[in-house]
Amino acid sequence: MGRILAIANQKGGVGKTTSAVNLAASLAVAEQRTLLIDADPQGNATSGCGISRDDFTLNTYDVLLGEASVDQALVRAVQFRHLDVLPTTPDLAAVEVELVDAEDRVTRMRNALAPIRDRYDFILIDCPPSLGLITLNMLVAADALLIPLQCEYYALEGLSQLLSTVQRVQDSVNDSLDVDAVLLTMYDARLNLSRQVAADARAHFGDKVFQTVIPRNIRLAEAPSFGKPIVVYDIASVGAQAYMAVAREMIDRKNPQAL
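Rules and cut-offs
Residues numbered from 1 in each chain as written. Predicted model: local features only at pLDDT ≥ 70, side-chain atom pairs only at ≥ 80, totals over all residues. Heavy atoms only, no water. Pairing = 2+ DSSP bridges. Helix = DSSP H or I, 4+ residues; strand = E, 2+ residues; numbered from the N terminus. Axes fitted to C-alpha atoms, helices over the stretch in contact; angles between N-to-C directions. Contact = heavy atoms within 4.5 Å. Salt bridge = Lys/Arg side-chain N within 4 Å of Asp/Glu carboxyl O. Buried < 20%, exposed > 50% of the residue type's maximum accessible area, 1.4 Å probe, protein only. Parallel < 35°, antiparallel > 145°, perpendicular 65-115°, else oblique. Left-handed = near helix turned anticlockwise from the far one by under 90°. Nonpolar A, V, L, I, M, F, W, Y, C, P; charged D, E, K, R; others polar.

Draft legend 1. Fine view of the sheet that holds strand 2 (residues 34–38). Pairing in this open sheet of 6 strands is parallel, and the strands run 3-2-4-1-5-6 from one edge to the other. Edge positions in the open sheet fall to strand 3 (83–86) and strand 6 (179–185), since each of these has one partner strand only. Neighbour to neighbour, the strand axes of the sheet diverge by 20° on average, direction disregarded. Across 3 bridges, the pairing between strand 1 (residues 3–7) and strand 5 (residues 144–150) is parallel. In the strand pairing of strand 5, I7 is matched with L146. The strands touched by helix 8 (residues 159–172) are strand 5 and strand 6; relative to strand 5, the strand with the most contacts, the crossing angle is about 180°.

So, in structure tokens, the structure goes:
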């Protein structure tokens, strides 16, 4: 059964979408059947994969409203044979209002994914940088949470609200949800601050923190403007190699018997 990971952090600018796109691509390169769900109304994961508005008619908005199935809305074999994408548009923001009175408003994505999750090894969800109804839907659907954590000041302090939301989801509709992994992003080994944040994160989250860190890398910053994951844009870059290494850690964690 596919493992569903919600990639979330309510703080913006932490490398959340960059990580969603590049982890999905790296897993696909490793021949893992991967589905990337763009659940952020900004649609950056959609464009970051090279999908234009002309490439699809149905999207995450239609799925959450029950007007289309995930199967109908998928864009298949994006950049790689093993990568499918559920795209989105800014219309998704309206879901917060349109579903406010629906009894099943927090379980829409979980129900939508149930028929297709067995087709994938990994389903990654790029959540919006907020803790509203859309993010709640994704946390209810997920098996676990992957938190991108930038190696900058105040990084750990901003997690308390997110972890509180996770606790509420556990207590109400998804008792199996847990923080599965923490990914350190924007790491600069030259800075004492980066090393200190990394040390603090490992002290707090233990082995949930990936051994691989994502460095600051200009090629990573350039890739989205070309609509390409970093493994397509520049596979020799340190950013591409880092995300490939994290993908390997994810595969090993999912299949510990392969270690």
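Draft legend 2. Representation of unusual backbone geometry. Notably, Q79 is not glycine yet its phi reads approximately 65°, a positive angle. By secondary structure assignment, the location of Q79 is in the loop between helix 4 (70–73) and strand 3. Phi angles above zero are rare outside glycine, and M186 is one such case at about 55°. Turning to its location among the elements, M186 is positioned in the loop between strand 6 and helix 9 (192–205).

Draft legend 3. A look at the pattern of salt bridges. A full pass over the atoms with the stated rule returns 14 salt bridges. With a closest N to O distance of 2.8 Å, R190 and D188 form a salt bridge. The closest approach of N and O atoms between R219 and E222, which form a salt bridge, is 2.8 Å. Linking R219 with E222, this pair stays in helix 10 (residues 218–222), spanning 3 residues, or about one helical turn. Given the relative accessible area of 28%, R219 is considered partly exposed. In this structure E222 comes out as partly exposed when scored by relative accessible area, which is 25%. A cluster of three or more residues bridged by salt bridges with shared partners is formed by K16, D40 and D126.

Draft legend 4. Representation of the packing of helix 1 (residues 16–29) against helix 12 (residues 238–254). Two numbers describe how helix 1 lies on helix 12: the axes approach to 9 Å, and their chain directions differ by 70°. Of the possible angle classes, the one that applies to helix 1 and helix 12 is roughly perpendicular. Judged by the sense of rotation from one axis to the other, the crossing of helix 1 with helix 12 is right-handed. Within the contact between the two elements, helix 1 uses T18, S19, N22, L23, S26, L27 and V29 and helix 12 uses Y243, M244, V246, A247, M250 and I251. Taken together, the residues of the contact of helix 1 with helix 12 break down into 9 nonpolar, 4 polar and no charged.

Draft legend 5. Looking closely at the side chain of Q10. Of note, Q10 is situated in the loop between strand 1 and helix 1. In this structure Q10 touches P129, S130, L131, G158, Q161 and L162, once residues within four positions along its chain are discounted.

Draft legend 6. The arrangement of the side chain of T135 in detail. Within the fold, T135 resides in helix 7 (residues 133–141). Look at T135 and you get buried, because its relative accessible area is 2%. Among all residues touching T135, those that are not within four sequence positions of it are C127, P128 and S130.

Bear in mind that shape data such as this cannot, by itself, settle questions of function.
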